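Breakdown of the fold
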Amino acid sequence: MAVTVRGGAAESDDVGLALYQALRDQGSCPPAAAAARLGLSATEAANGWAELRELGLIRAGRSAEEVDPVDPDTALISLLDRQRAALQAQREELTAIVRASESLMERYRPAVQRDAAKVEVEIITGDGRKRQMVGDYYATLTTRSRSMHPGPLPPAEVLAESLQGDADMVKRGIRVQAIYTQGINSAPRQRKYLSELASAGVEVRLAPQVPLDLSIGDMHTAILAANPDNPSEAALLVRGTALVRTYSALYEDCWLRSVPYSTKVADRFDSASELTEQHRTAMRLLANGLTDERIARKLGISLRTVSRLVSEVMRYLQAESRFQAGVLAVTHGFI
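Before going into details, it helps to say that this report is about the structure given with it. (Residues numbered from 1 in each chain as written. Predicted model: local features only at pLDDT ≥ 70, side-chain atom pairs only at ≥ 80, totals over all residues. Heavy atoms only, no water.)

1. Looking at the sheet that holds strand β9 (residues 235-239)
Quick reminder of the rule: Two strands are said to pair when DSSP picks up at least two bridges between them. By the criteria applied, helices consist of DSSP H or I runs no shorter than four residues and strands consist of E runs no shorter than two, each listed in order from the N terminus. Any two residues whose heavy atoms approach within 4.5 Å are treated as being in contact. Only the contacting stretch of a helix is used when fitting its axis, a line to C-alpha atoms as for every element, and angles between N-to-C directions run 0 to 180 degrees.
Strand order across the open sheet formed by eight strands is β3-β9-β8-β7-β4-β5-β6-β10, with mixed pairing between neighbours. Pairing within the sheet leaves two strands with one partner each, and these edge strands are β3 (120-124) and β10 (259-260). Along the sheet, helix α5 (residues 127-140) makes contact with β3, β4 (144-149), β7 (214-217), β8 (221-225) and β9, crossing β3 at roughly 140 degrees. Relative to the sheet, helix α7 (residues 188-199) contacts β5 (175-181) and β6 (203-207), its axis offset from that of β6 by approximately 140 degrees.

What follows is the structure, given as structure tokens:
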């Protein structure tokens, strides 16, 4: 767009230049007045003033409403000064980055590598080697053994060895915990094994789903399948608390989501058709030890409604306590 500068100035296609020439001719003036004299639109004026500010060709005038033109040589010197300051800041920043890089590589990275070296992962292959590894694993435990098993259960001779190992640990004063899927409680041989585990003093829980085969010894050793889809293949033996803590957190989450196993069998529970989804949810939360207040918050209902649901569940299951109701509900596959 051509711009006509009043007062005899020549036409110009450069709005910024036209504004600058107007300031040079007229001296200090408000930006709006200069733009109005040139007949500029608001957008044109804004673009022109932005260019002049960027080049350093204007500065504050005698009053806050006015601007003054700056000589191009002065603006150039100021621009070069700003550039030198920017380069100096870049040099200082680069120097700081180099110092930080040297510190990371020479001090902190070796420290992390030393921590990583404390974690050992060994691949165990062959049935004989795996049996030896499991025996050594049992012998090193002093306080706690935790395991989870998605199923199916291994052959009877393997189960017998595992049961004996768990029973021996319980006798040594070691707390033994085990999580199995609810489906394992569906056949006589499997129920028999779970009952024998519980009778030996193992804390057995059932969960709707178990993610993988995993055993954790104290807080220093973990055993898991190298291929979760085929646990009979190689096993991974992991040593080092830095990594075992992660497996421990996974286990604790599964433990809280599971419910205690009960050896009690009640043939009267053939169907749960009388229980609604709200009943099932209440049972699931009850089995995990939640209070009425927490159940009410999670379900968005009143305490009175929670009490009613729990009473109906207990009556349906013929349970004598809330805890028993939760156990029976899981044992018979209602939740």
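2. A closer look at the layout of surface pockets
Stated formally: We place a 1 Å grid over just the protein atoms. Points where a 1.4 Å probe fits but has no way out form a cavity, open points with protein on both sides within 12 Å along at least 5 of 7 lines form a pocket, and any residue with an atom within 4 Å of a point lines it. Grid points are joined across faces, edges and corners, and a volume is the space filled by probe spheres set on the points. Charged residues are taken to be Asp, Glu, Lys and Arg, nonpolar residues to be Ala, Val, Leu, Ile, Met, Phe, Trp, Tyr, Cys and Pro, and polar residues to be all remaining types, Gly included.
Volume-wise, the largest pocket comes out at about 1,300 Å³. What lines the largest pocket is a set of 43 residues, among which Val134, His149, Pro154, Val158 and Asp213 lie closest to the centre. At the level of elements, α5, β4, α6 (156-171), β5, β7 and β8 are the ones that each hand at least two residues to the lining of the largest pocket. Among the residues making up the lining of the largest pocket, the classes are represented as 24 nonpolar, eleven polar and eight charged. Roughly 470 Å³ of volume is contained in the second largest pocket. Lining the second largest pocket we find 24 residues, and of these Leu256, Arg257, Ser258, Arg284 and Asn288 sit closest to its centre. Looking at the lining of the second largest pocket, the element that brings in the most residues is helix α9 (residues 277-287), giving four residues. Here the lining of the second largest pocket is composed, by residue class, of 14 nonpolar, five polar and five charged.

3. A few points about the pattern of salt bridges
Under the convention used in this document: Any Lys or Arg side-chain nitrogen located within 4 Å of an Asp or Glu carboxyl oxygen qualifies as a salt bridge. Type-normalised accessible area, obtained with a 1.4 Å probe on protein chains alone, sets the label of each residue: buried when under 20%, exposed when over 50%, and partly exposed for intermediate values.
A complete count under the given rule lists eleven salt bridges for this structure. Residue arginine 144 pairs with glutamate 252 through a salt bridge whose shortest N-O separation is 3.0 Å. With a gap of 108 residues between them, arginine 144 in strand β4 and glutamate 252 in helix α8 (residues 241-257) connect regions that are remote in the sequence. With a relative accessible area of 24%, arginine 144 lands in the partly exposed category. According to the relative accessible area criterion, glutamate 252 is partly exposed, its value standing at 26%.

4. Things to note about the nonpolar core
A general trend in soluble globular proteins is that nonpolar side chains are found buried together. The cut-off we apply is this: Only buried residues count toward a nonpolar core, which is a set of Ala, Val, Leu, Ile, Met, Phe, Trp, Tyr and Cys residues joined through side-chain atoms within 4.5 Å.
Core analysis: the biggest nonpolar cluster contains 27 residues, and Tyr180, Tyr193, Leu194, Leu197 and Val204 have the highest contact counts within it. Going through the elements one at a time, α5, α6, β5, α7, β6 and β9 are the ones with two or more residues in this core. Setting aside residues up to four positions removed in sequence, leucine 194 forms contacts with Tyr180, Ile184, Asn185, Val204, Leu206 and Tyr261. Core analysis: the next-biggest nonpolar cluster, separate from the first, contains 19 residues, Tyr20, Ala22, Leu23 and Val67 among them.

5. Considerations on the packing of aromatic side chains
Using the following cut-off: Working definition: a ring pair exists when centres of Phe, Tyr or Trp rings (six-membered ring for Trp) sit within 6.5 Å. Plane angles under 30 degrees give stacked, over 60 give edge-to-face, the rest tilted.
Taken as a whole and assessed by the stated rule, the structure comprises three aromatic pairs. Where tyrosine 180 meets tyrosine 193, the ring centres are 6.2 Å apart and the plane angle is 85 degrees; that geometry is what we call edge-to-face. A residue pair is termed long-range when its members are at least 10 positions apart, and tyrosine 180 in strand β5 and tyrosine 193 in helix α7 qualify at 13 residues. Where tyrosine 251 meets tryptophan 255, the ring centres are 6.2 Å apart and the plane angle is 20 degrees; that geometry is what we call stacked. On the criterion of helical spacing, the pair formed by tyrosine 251 and tryptophan 255 is a turn pair, its members being four residues apart in helix α8. According to the relative accessible area criterion, tyrosine 251 is buried, its value standing at 0%.

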